Structures are given as structure tokens and as C-alpha cells.
Amino acid sequence: MIRGFLVSTCLMDIARPQRVLGWGLLMVLLFGVGRLYLYVSPEEPVADAYNQLSSLLVYRVLMLGAAIFSASVIAQEVEQKTIVYLATRPIPRPDLILSRMAAAMIAVATLSLAAALSVSFSVYGREGLSNPYLLRDAKGLVVGSMAYVSLFTLTSLWMNRSMLVNLIFAFGWETIVANLSGNTYRLSIFTYLKAIAEKPTSSSGGPLSLLSGDRGVEFVSVSTAWGTMAVLTVACCWACAWWFQRFAYLPREDAE
Amino acid sequence: MIELDHASRWYAQVIGLNDVTCEIGPGVTALLGMNGAGKTTMMRLITGQLRPTTGKVRVFGMNPFANPEVYKLLGYCPDVDDFYEHMTGREFVELMARMSGMIPDEASSRTDRMLQRVGMAERADRKIGGYSKGMRQRIKLAQAMIHEPEVVLLDEPLNGLDPVGRREFIDLLAGFGEQGKIVLVSSHILFEVEQMTRSLLLLHRGRLLAVGDLRVIRELIDKHPHRIRIETTEPRTVAEKIAALPFVLSIQFDPSGRALEIQTKEADRFYSFLPTLSLECGLPIEGFSSPDNSLESVFGYLVDS
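Quick caveat, the model's predicted, so the values are computed rather than measured. Going along each chain's sequence as written, the residues are numbered from 1 onward. To read the labels, note that chains go from A and ligands from 1, taken in the order they are written. The predicted origin of the model limits local features to residues at a pLDDT of at least 70 and limits the giving and counting of side-chain atom pairs to 80 or more, whereas totals for whole chains, interfaces and linings rest on all residues. The basis for every side-chain value is the complete set of non-hydrogen atoms in the structure, without hydrogens or water.

*Asks:* Sorry, what's going on with the interface of chain B and chain A here?
*Replies:* Note: interface size is frequently given as the accessible area lost on complex formation between the parts. Throughout, a residue-residue contact means that at least one pair of heavy atoms, one from each residue, lies within 4.5 Å. Taken together, the contacts link 30 residues of chain B with 30 residues of chain A. Taken over both partners, the interface formed by chain B and chain A buries close to 2700 Å², and the fraction arising from carbon and sulfur atoms is 64%. What makes a salt bridge here is a side-chain nitrogen of Lys or Arg within 4 Å of a carboxyl oxygen of Asp or Glu, nothing more. Our count for the chain B to chain A interface comes out at zero salt bridges. N or O atoms closer than or at 3.5 Å make up a polar contact, with two conditions inside protein: a donor-capable atom paired with an acceptor-capable one, and, for residues adjacent in sequence, both atoms drawn from side chains. Linking chain B to chain A there are nine residue pairs in polar contact (both at pLDDT 80 or more). Runs of H or I in DSSP of at least four residues are treated as helices and runs of E of at least two as strands, each being numbered from the N terminus. Secondary structure elements with two or more residues in the side of chain B that touches chain A: helix 2 (68–72), helix 3 (89–99) and helix 5 (133–145) of chain B. If you tally residues by element for the side of chain B that touches chain A, the top one is helix 3 of chain B, at five residues. Charged residues are taken to be Asp, Glu, Lys and Arg, nonpolar residues to be Ala, Val, Leu, Ile, Met, Phe, Trp, Tyr, Cys and Pro, and polar residues to be all remaining types, Gly included. Residue composition of the side of chain B that touches chain A, grouped by class: 17 nonpolar, seven polar and six charged. Defined in terms of a 1.4 Å probe, buried area is the accessible area two parts forfeit on being brought together, summed over both.

In C-alpha cells form, the structure reads like this:
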């Protein structure tokens, strides 16, 4: 019962009206960017346009949301010094952190699915829901939410001001590594998410394909991608629970 | 029962608590010490937010670190003044009640009762962000007591309270103590502590300097020559009158020319002489204070002895 309560409380905090409004504006912006993209490249098939925009924008929203919401699991409580109230309640610490992580995962998945819908409607118009790639992306986004939130929460337990590190990972590492030759691409979560979403390689080339991580020539199989993401998520969740149970988390004295 | 057995806590090269051994039983106990003495570290060890670097801490025989069984029996009012500012006081206390394992109806009714008890019932539906310091202290106390714990730890709870609030707070704590609960209150103000309890733990630079009755501390203060500072526009005339008194040991003039400091072994006799000095001799005494009542002096005496 307490786990359900913790998840719902954390979700309600994430979904405060001001925050929802901010994310809503981002969805409108994504829709506008989608329309603009179609305007500047009218010859490109809509399926290719959607996939390009999805890799370029939707998966970035996923990473951005994961970096922000994973901070709300514990790091934000430490920063705003309210961790003291959570840490002295009769709740097993693993339950506390895993419930809050679950809430963050739900929030990130919801946000990134909304982003996918926004881009889909901007590209396909009223046929947005019948976009054949939407369901595939949904799989990738849900798995991505779990993987990124668990990884980013772990880094937030290890270091202060982890959001910066997580954002560098999301927008630097994930962009660069997915394009590298050899086996380095396997070190990027985005590689596995693309495999799970069965994303076709961009045919357009150019800097946009670089940003969407389509320059790499090697691919992982779908089954390898599912397995790797499952192992990563479970390992990170276990590590978060162990770490939070083992170490002290106090209000940050220098935080204002 | 709270037990500390040679408990020490280091923060890298800095020692927060140094080899403290003590037992804290039912009733109100004050944890007295200057800022940086280790009061909050001791509170955090007892509330299981920190592990001791060496030694042991036990609450009812259990290791408190991240232990939900201990948290069922323990309420903590922290020194930090931070909340979920967007919540109302009622929402916050109810959230803490739910997190203590209560079902919604029980949490709601207990929240109402507790808000009434801490004098926040009328103001509980306002956002915490708009609360005064005193209101925030009351809400902190409410969240600490919401699950009716056996042990209540309050870290500097009187900070920011007005005199009426202080009195109410002290009466509330006395009530908890009379119910047989273990109440540990930290403070750095001797006068404040004297109003709450006679049982105390005195911390200084991480060490437990004294344990026991506050009267012992008071006697120690009285045993030493007592310094009294008198503020007056005519220090030389006042000094002339005072110098004739047999229980005055020394007189020192303040460089400002508006005060003098005397030393006496019989502070009570001197205090009873002061009205005479002012009324019968007509000397303009604007104020007096005793620097020896400060905690620093007490620590000085204890270290010397």
C-alpha cells in the first residue's frame, strides 16, 4: 500500500500545474518544428521525416525528461533539504527509492510518448495515430524511460549536481558514441533503443543524421537490445536500492 | 532508552562527535552546546540519518541507521527550516502521517488533532511558503508527533518563536515528558534550557562535557567569581559606592566610559544591593547583565575544573 502511495505522491508532485504547462509548451514547440521541417524539405517521404524528427527530437525529450525527473527522486530532496522528512519515516529505504523511481519512469514515458504523438501529428496531420512507426517508438521510449531514469538516478546518488553530468551524457555522449565506428556504439543506450524501436537508418545523410545517431554502420539485434536494456535497468535499480540503504543522505548544507 | 557507547563521528578530517557515551531515558533531556558543538551530529546519529564512525548507537536496543522499526517509535523535528513550500501545512502533516503508515481517514483525523495541539488549526490551510518562522516550527513539531512516537528529538525547536510561542512549546514538551516519552531537545541557550528541564547533556567541541542535573552547572557558575556589567552614565560615582562593599572583589571601567564591570563572589547579595544603589543613592543605572550566565563561561569553568 505504501509503495502505491509513494508512487502517486511523487507523480502528483511531478505533475504540478506549472510544470505540466511548461512541458505542454514544449509539445507545441515540437509540433511547430515538425511543420517547419516538412516546409523546408517537402520532397522527403513522411515516414522518413517522422523517423528523422523522432530520433532528433523525441528521443532527446526522453533524455531531457529522464535527467530532470531522475533528479526529483532523491537529489532534489537533498538539495532542498527535505530529505530529512523522507529518511526518518518508517519506510524501508529500498521501497522509498524504487517507488519514486517508478514514478519518474512513468512521468518520463508519458512525456516522451506525448512528444512522439506531437511529432507524429505534425508530420502525418490527422492521420497521426495511424503512423506505423508510432507503436515501435512507444516500445523504445518506454524501455528508454526505464533505462535512463535508473542510470541517472544512480549517478545522482553518487554525486552532487548530477543533472549536469546526466545532461552531458544525454546530449554529448549519446550523440557522439552512436555514430562511432567499431564496437563503441554498443556503449550508447540510444543504440539499443533504436534497435528496439526497429528504426530505419536515415536516408538523408548530412548533419541531421549525425545528430540523430545514424552515422554508425553497425547495428545490434532486437533481442540483444531487449536483453541489454533489461540487464542495465535491473542492475541500476538494484544498485540504487543498495546504495541508498547503505549510505547516509543528509540535507546539503551549502544548498540554498 | 537511547544509548550511545563510545560513539564518534568524523567528517573527513573534522570530528563531529568524539567518543560519547551516555544513556537517555524517559522525560525531557536537554542537549546543550554552542554552535558546532556536535548537537545536530548527535541527533542525526540517534535518528539513524548517520552511522557512527566508531562506537555504537542504540534506540530501544536497535541500530537506528535506516531502520524503519526505529522510525515507528521516533519523531524528529529537524533544525533545517525547509519544507515543500507549495504545500499547505495540513497537506504536509497529512503526507507525513500517510508516510508513517496510516490509512487516509486516520491520517486526516490525527492531522486535525495534532494541528489543534500545536496551535495551527486555523492557519493550516495556507501554503507553507507564506508561514512565519514560528508557524514553521509548529508544523515541524506536528509532523514529528503525528504518529505518537515514544521518542521525540527536537533540534533547536525554540528558534524563531515569540515569547508566547516559547511558553506554549515548553509546556507542550513538558506534557510529553510527563507522559513518559523520551524527549531530547537541543539548544545553545542556557536560559532556554533551564525553563524546560533540569536534566542535561553538555556538549563541547564534540565531547560530552557533563551529564546530569542542571543545578550542578548552576552551582559551578555560582562558585566562580561572578562578573556583572553595569551600564551607567556616571561610572566613577557608581564605582565609588560599590568599592565600599565587602563582597566586591574588583572593578574595571569600560573604555566607552558608559559602563563598568565588577567581580563578586556573592552575586545574590550584589543583586539585592543594586536597587539601593539606584533608588537611595540616586545613581543613574541604565542596565545590568551577567556575561557569566553565558554558555561560553560554563564551558570555561568545566574545562578548567
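*Asks:* Would you explain the sheet that holds strand 5 (residues 74–77) of chain B in this entry?
*Replies:* Two orientations exist for strands paired in a sheet by backbone hydrogen bonds: parallel and antiparallel. Residues and elements named next belong to chain B. A pair of strands counts as paired when DSSP detects no fewer than two bridges linking them. An order of 5-6-7-3-8-9 is seen for the six strands of this open sheet, with the pairing classed as mixed. Lying at the two open borders of the sheet, with one neighbouring strand each, are strand 5 and strand 9 (207–213). Sheet twist, expressed as the mean angle between neighbouring strand axes with direction ignored, is 15 degrees. Strands strand 3 (27–32), strand 5, strand 6 (151–155), strand 7 (182–187) and strand 8 (199–204) of the sheet are contacted by helix 1 (residues 39–46), whose axis makes an angle of about 155 degrees with strand 7. Packed on one face of the sheet, helix 5 meets strand 5 and strand 6 and runs near 170 degrees to strand 5. The angle between two axes is taken between their N-to-C directions and runs from 0 to 180 degrees, where each axis is a line fitted to C-alpha atoms and a helix contributes only its stretch in contact.

*Asks:* Which parts of the structure should I look at to understand helix 9 (residues 235–243) of chain B?
*Replies:* Residue pairs spaced three or four apart in an α-helix point in one direction, given the helix's 3.6 residues per turn. All names here are of chain B. Exposure classes here rest on a 1.4 Å probe applied to the protein chains alone. A residue is buried below 20% of its type maximum, exposed above 50%, and partly exposed in between. Residues Pro235, Val238, Ala239 and Ile242 constitute the buried set of helix 9. Buried residues of helix 9, seen end-on, are gathered within an arc of 100 degrees and therefore sit on one face of the element. For helix 9, the exposed residues lying more than 90 degrees away from the buried face are Arg236 and Glu240. The inward-facing, buried residues of helix 9 abut strand 10 (226–232), strand 11 (248–253), strand 12 (259–264) and helix 10 (267–279). Regarding the arc, it is the one traced by the directions from the helix axis to the C-beta atoms.

The analysis is restricted to geometry; functional conclusions fall outside its scope.
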